[in-house]
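The lines below spell out each chain.
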Amino acid sequence: MDYFSQGKQQLDKSDISQAECTFAEGLHKGDIRCAYGLLAVNAIRGTDCSQALAQLKAVWPDLLEMAQTHDADANFIIGRCYETGSAVDADISLAMKYYTLAAGKGHLDAMYNLGCIYIRLGESGSSIAKDYFESAANQGHHHAQLALGHYYEEQGNTERSQFWYNKAHA
């Protein structure tokens, strides 16, 4: 397993200190995606992100090149940076472009984030959001399952809502 994926799994298990070590080692050994992982660790801790942002900016051209080779994680990271304005100016259109590329490669977090963006677009995006949430939720993405529970609750479909809430808490 690569450093970025290993660090992400550690973050998912709330093992922040171990994730930080994994991301730092990965960045040191050339896994440039780990620069984003270090930024995430600092953001989760609520600590100064300036060094991590500088590292991410330093590898940005290489990250863009990596995205051109259709690396799903690189596309996700670039999309996340454009969505949040981390290391680059915020640009929701570019965020959606890169998330869509990552989602097309099966990246569950990209599917979930696209769903969230479409929800923010309002009624016109809600069915698209549901489709992205379902794609991720059917593959076990916890937050997408919760989002579907909420979506169906808002639609008044108690049975589907309960189904997804139960799946999320299983």
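Refer to the structure above for everything that follows.
Figured I'd write up the structure that's included with this text. Not measured: the values here are computed from a predicted model.

### Observations regarding the side chain of Lys-130
And step 1. Looking at the element boundaries, Lys-130 is found in helix H8 (residues 126–137).
And step 2. By relative accessible area, Lys-130 is classed as buried at 19%.
And step 3. Here Lys-130 is in contact with Leu-148, Tyr-151 and Tyr-152, once residues within four sequence places are set aside.

### Remarks on the packing of aromatic side chains
And step 1. Within the structure shown, the criterion is met by 8 aromatic pairs.
And step 2. On the numbers, 6.0 Å between centres and 40° between planes, the contact of Phe-4 with Phe-23 is tilted. In this pair, Phe-4 sits in helix H1 (residues 3–12) while Phe-23 sits in helix H2 (residues 16–28), placing the two residues 19 residues apart along the sequence. Accessibility assignment for this pair places Phe-4 and Phe-23 in one class, buried.
And step 3. Between the aromatic rings of Tyr-112 and Phe-133, the centroid separation amounts to 5.7 Å while the plane-to-plane angle is 40°, which identifies the pairing as tilted. In this pair, Tyr-112 is assigned in helix H7 (residues 108–120) and Phe-133 in helix H8, connecting sequence segments 21 residues apart.
And step 4. Here a set of aromatic residues connected by ring pairs shows up, and it is made of Trp-60, Tyr-82 and Tyr-98.
And step 5. Here Arg-160 stacks its cationic end above the ring of Tyr-152, 5.6 Å away from the centre of that ring.

### Focus on unusual backbone geometry
And step 1. The backbone of Ser-14 shows a phi angle near 65°, a positive value even though the residue is not glycine.
And step 2. Positionally, Ser-14 belongs in the loop between H1 and H2.
And step 3. Backbone geometry at Ala-87 places phi at a positive 75°, although glycine is not the residue there.
And step 4. Residue placement: Ala-87 occurs in the loop between helix H5 (72–84) and helix H6 (92–104).

### Focus: helix H3 (residues 34–45)
And step 1. Compared with an ideal rise of 1.5 Å per residue, which puts 12 residues at 16 Å, H3 spans 17 Å between its outermost C-alpha atoms and is within 8% of the ideal.
And step 2. By the criterion of burial, H3 is predominantly enclosed, with 9 of the 12 residues buried.
And step 3. Within H3, the full set of buried residues consists of Cys-34, Ala-35, Tyr-36, Gly-37, Leu-38, Leu-39, Ala-40, Val-41 and Asn-42.
And step 4. Where H3 is buried, its residues meet H1, H2, helix H4 (50–68) and H5.
And step 5. A positive phi of about 75° marks Gly-46, the residue just after H3.

Cut-off values and rules
Residues numbered from 1 in each chain as written. Predicted model: local features only at pLDDT ≥ 70, side-chain atom pairs only at ≥ 80, totals over all residues. Heavy atoms only, no water. Helix = DSSP H or I, 4+ residues; strand = E, 2+ residues; numbered from the N terminus. Buried < 20%, exposed > 50% of the residue type's maximum accessible area, 1.4 Å probe, protein only. Contact = heavy atoms within 4.5 Å. Phe/Tyr/Trp six-rings, centres within 6.5 Å; stacked < 30°, edge-to-face > 60°. Lys NZ or Arg CZ within 6 Å of the ring centre and 35° of its normal. Expected span 1.5 Å × (residues − 1).

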